[in-house]
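If you want the building blocks of each chain, they are given just below.
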Amino acid sequence: FDPSSDPDARERIDDVWAKLADGGRVLMPLGEYPFSVRYGWVEDRFGVNWQLILTDPTGEPRPFVMPAFLFSGDAQDRAREAVDYYTSVLPDSRLGSLVEYPQQSGPAAAGAVMFADFTLAGQWFVAMDSAAEMSEGFTPGYSLSVECADQDEIDRLWDALSSVPEAEQCGWCVDRFGVSWQVVPERMDELMEAPGAFQAMLEMKKLVIADLHA
């Protein structure tokens, strides 16, 4: 919610918060935090998590909706490492803001990432290390799809991202942090129209464009 483009942003965030919290569960109360004068985290009635944030009107504009990574479980306190790695692998990527935990907060160590945002291929994302004990990390229920211009780009990203050989299937892979990716060619829908292409894809791990054409 951006006060620079919406003079009623503060009232609007409160209204949306009330609707999402109705029948849901508050994880971080709506209030002031080191990275925002008004922020809250809520799980809605469907089990979907939302973070509502009032942005700094003097800062660079952000999209209204940004996907968020929560580093917990086996990935606890690896948010900074992941952001640095992802922004080095994907083009048009950079760190935006980053706020550290000033002291130990639950499983999050002092200096871990309380809140950060960054771009991957020009799209904004959020990352943070969990301040609550959680046994689970990332699952295939959350994945990022990357459309590649050619086979060289597929090969490069696959080599950079795939770290769990047993998870490789149909262009899906899992990286060193447990995050799932779909590394696919551009115009995938057109490739799938070729006779036998879908069956060929099912037998692949990394996708090979020439074999899909064949």
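This text follows the structure it describes.
Residues numbered from 1 in each chain as written. Predicted model: local features only at pLDDT ≥ 70, side-chain atom pairs only at ≥ 80, totals over all residues. Heavy atoms only, no water.

Once that is clear, we can look at the overall build of the protein chain. What the protein chain contains, in helices and strands, is 6 helices and 10 strands. Taken along its principal axes, the extent of the C-alpha atoms in the protein chain is 55 × 35 × 35 Å. Burial status across the protein chain gives 39% buried among its 214 residues. Across the protein chain, every contact between residues at least 6 apart in sequence was considered, and the portion connecting residues at least 24 apart equals 54%. Carbon and sulfur atoms make up 52% of the accessible area of the protein chain, which totals about 11,500 Å². Separation between the mean location of the 15 positive side-chain charges and that of the 37 negative ones in the protein chain comes to 4 Å. (Helix = DSSP H or I, 4+ residues; strand = E, 2+ residues; numbered from the N terminus. Buried < 20%, exposed > 50% of the residue type's maximum accessible area, 1.4 Å probe, protein only. Contact = heavy atoms within 4.5 Å. Areas by Shrake-Rupley, 256 points an atom, 1.4 Å probe, with all protein chains shown as cover. Lys, Arg positive; Asp, Glu negative; His and termini not counted. Charge placed at Lys NZ, Arg CZ, Asp CG, Glu CD.)

A few words now on unusual backbone geometry. The backbone of Ala121 shows a phi angle near 50 degrees, a positive value even though the residue is not glycine. Classification of Ala121 as exposed rests on a relative accessible area of 53%. Of note, the phi angle at Cys170 is positive, near 55 degrees, even though the residue is not glycine. Along the chain, the position of Cys170 falls in the loop between α3 (151–161) and β9 (172–174).

Spatial ordering of the open sheet is given by β1-β2-β3, a layout of 3 strands whose pairing is antiparallel. The open sheet has two edge strands, β1 (25–33) and β3 (49–53), and neither has a second partner. On average, each strand axis in the sheet is tilted by 5 degrees relative to the strand beside it, whichever way the strands run. Examined bridge by bridge, strand β2 (residues 36–43) and β3 share 5 bridges and lie antiparallel to one another. Residue pairing for β3: Trp41 is matched across the bridge by Gln51. (Pairing = 2+ DSSP bridges. Axes fitted to C-alpha atoms, helices over the stretch in contact; angles between N-to-C directions.)

What follows concerns the packing of aromatic side chains. Tallied over the full model, the rule gives 16 aromatic pairs. Taking 6.1 Å as the distance between ring centres and 80 degrees as the angle between the ring planes, the aromatic pair formed by Phe69 and Phe138 counts as edge-to-face. Here Phe69, found in strand β4 (residues 68–71), pairs with Phe138, found in the loop between β7 (123–129) and β8 (143–148); they are 69 residues apart in sequence, far enough to count as distant. Phe69 sits in the buried class, given a relative accessible area of 1%. Between Arg62 and the ring centre of Trp124, over which it is positioned, the NZ or CZ distance is 3.9 Å. (Phe/Tyr/Trp six-rings, centres within 6.5 Å; stacked < 30°, edge-to-face > 60°. Lys NZ or Arg CZ within 6 Å of the ring centre and 35° of its normal.)

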